[in-house]
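If you want the building blocks of each chain, they are given just below.
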Amino acid sequence: YSDIFYLRHLLTNFLFLISIVYFSKLIFEISNNAFLSIWGSLMLYSSPRLFAHSFYNSKDVIFLAFFIISIYYSLKFFNLKSKKYLILSCLSLSMLTAVRVIGVYFFLIFLLLLFIEILENRKNKTGPIDVIMFVILFFSFTYIFWPFLWENPFGNFIYAISSMSNYNWSGDVFYLGNYHHSHFLPWHYSLTWILI
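1. A look at the overall build of the protein chain
So, step 1. Along the protein chain, the regular secondary structure elements total nine helices and two strands.
So, step 2. Counting from the amino terminus, the protein chain carries its helices and strands in the arrangement α-α-α-α-α-α-α-α-β-β-α.
So, step 3. Once the C-alpha set of the protein chain is aligned to its principal axes, its extents read approximately 60 × 45 × 45 Å.
So, step 4. In the protein chain, which comprises 196 residues, the proportion classed as buried is 34%.
So, step 5. Long-range pairs, those at least 24 residues apart, make up 57% of the contacts in the protein chain between residues at least 6 apart in sequence.
So, step 6. Carbon and sulfur atoms make up 70% of the accessible area of the protein chain, which totals about 12,800 Å².
So, step 7. Treating the 12 positive side-chain charges of the protein chain as one cloud and the 8 negative ones as another, the clouds have centres 10 Å apart.

2. Looking at the pattern of salt bridges
Oppositely charged side chains can form a pair if their charged atoms are brought close together.
So, step 1. Scanning the entire structure with this criterion turns up four salt bridges.
So, step 2. When the shortest N-O distance is used, the salt bridge between E29 and K76 registers 3.4 Å. Taken together, the residues E29 in helix α1 (residues 2-31) and K76 in helix α4 (residues 60-80) connect sequence positions 47 residues apart.
So, step 3. Relative accessible area serves as the criterion here: at 28%, E29 is assigned to the partly exposed category.

3. A look at the pairing of strand β2 (residues 178-181)
So, step 1. Pairing between strand β1 (residues 172-175) and β2: four bridges, direction antiparallel. Note on β2: the bridge partner recorded for Y175 is N178.

4. Here's the deal with unusual backbone geometry
It is generally the case that most residues other than glycine have a negative phi and that most peptide bonds are trans.
So, step 1. At N32, a position not held by glycine, the phi torsion is positive, near 55 degrees.
So, step 2. In this structure, K81 takes a positive phi of about 55 degrees despite not being glycine.
So, step 3. Locating K81 in the fold gives a position in the loop between α4 and α5 (83-99).
So, step 4. We classify K81 as partly exposed; its relative accessible area is 31%.

5. What to know about the pairing of β1
So, step 1. Burial of β1 is one-sided: the residues V173 and Y175 facing one way are buried, the residues D172 and F174 facing the other way are not.
So, step 2. With antiparallel pairing between neighbouring strands as the criterion, β1 and β2 make up a hairpin whose turn holds two residues, including L176 at a positive phi of roughly 50 degrees.

6. Overview of the nonpolar core
So, step 1. Ranked by size, the top nonpolar core spans 40 residues in total, and within it F66, F77, F110, L114, F134 and W146 carry the most contacts.
So, step 2. Considering each element in turn, this core owes the most residues, eleven residues, to α4.
So, step 3. With residues near it in sequence (within four places) discarded, W146 still touches T97, A98, V101, F157 and A160.

7. Points about helix α6 (residues 104-120)
So, step 1. Taking 1.5 Å per residue as the helical rise, α6 with its 17 residues ought to reach 24 Å, and the 24 Å between its terminal C-alpha atoms agrees with that figure.
So, step 2. Buried residues of α6: V104, F107, F110, L111, L114 and I118, and no others. Taken down its axis, α6 places every buried residue within 115 degrees of arc, on the same side. Facing away from the buried side of α6, by more than 90 degrees, are the exposed residues L119 and E120.

8. Some thoughts on the environment of I68
So, step 1. Following the sequence through the fold, I68 ends up in helix α4.
So, step 2. Once the C-alpha coordinates of I68 and F134 are considered, the two residues, 66 residues apart in sequence, prove to be 19 Å apart.
So, step 3. Non-local contacts of I68, meaning those with residues more than four positions away in its chain, are made with S19, Y22, F23 and L44.

What counts, and where the lines are drawn
Residues numbered from 1 in each chain as written. Predicted model: local features only at pLDDT ≥ 70, side-chain atom pairs only at ≥ 80, totals over all residues. Heavy atoms only, no water. Helix = DSSP H or I, 4+ residues; strand = E, 2+ residues; numbered from the N terminus. Buried < 20%, exposed > 50% of the residue type's maximum accessible area, 1.4 Å probe, protein only. Contact = heavy atoms within 4.5 Å. Areas by Shrake-Rupley, 256 points an atom, 1.4 Å probe, with all protein chains shown as cover. Lys, Arg positive; Asp, Glu negative; His and termini not counted. Charge placed at Lys NZ, Arg CZ, Asp CG, Glu CD. Salt bridge = Lys/Arg side-chain N within 4 Å of Asp/Glu carboxyl O. Pairing = 2+ DSSP bridges. Core = buried A, V, L, I, M, F, W, Y, C linked by side-chain atoms within 4.5 Å. Expected span 1.5 Å × (residues − 1). Arc of directions from axis to C-beta.

Structure follows, in structure tokens:
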């Protein structure tokens, strides 16, 4: 079992490193500045909390990695209108959703941007085809990468979304030197974390 344990940590860190490369490419795509691209990637990689989590957090870091990758491919698609980038964007967004169901929001944002683009450029005949292709590919890839959906795709998807919106965790939170039950946190808890 220790080999499986260490391999899992290694793969988590490896995916984080891949996402750093994509982050660098994303910054370069936006700014066209190599220095900014390298500097931004180093800042992301050297962030102490992220660096530590990249070795053991197989949920949040994986979600972050696929988030970065999907933003990169989505941006490339909107810039180049290439079907290749549409497929890669669907693939990465599906993996993002399979890691955490909240990824479906990014699918909806991408879809909204596609609709806005169609309304702004009504002469673009490929817009509706892109929407249909995007929706079909997203749900197909999500089904493939998320075994939870294999038994009951629609029902389990709805269940996952409803569970996410009403996630009940009843543990203790260490906050400002004291332990507080998660249901009875001080009123300033959220504000403090937002400011941090």
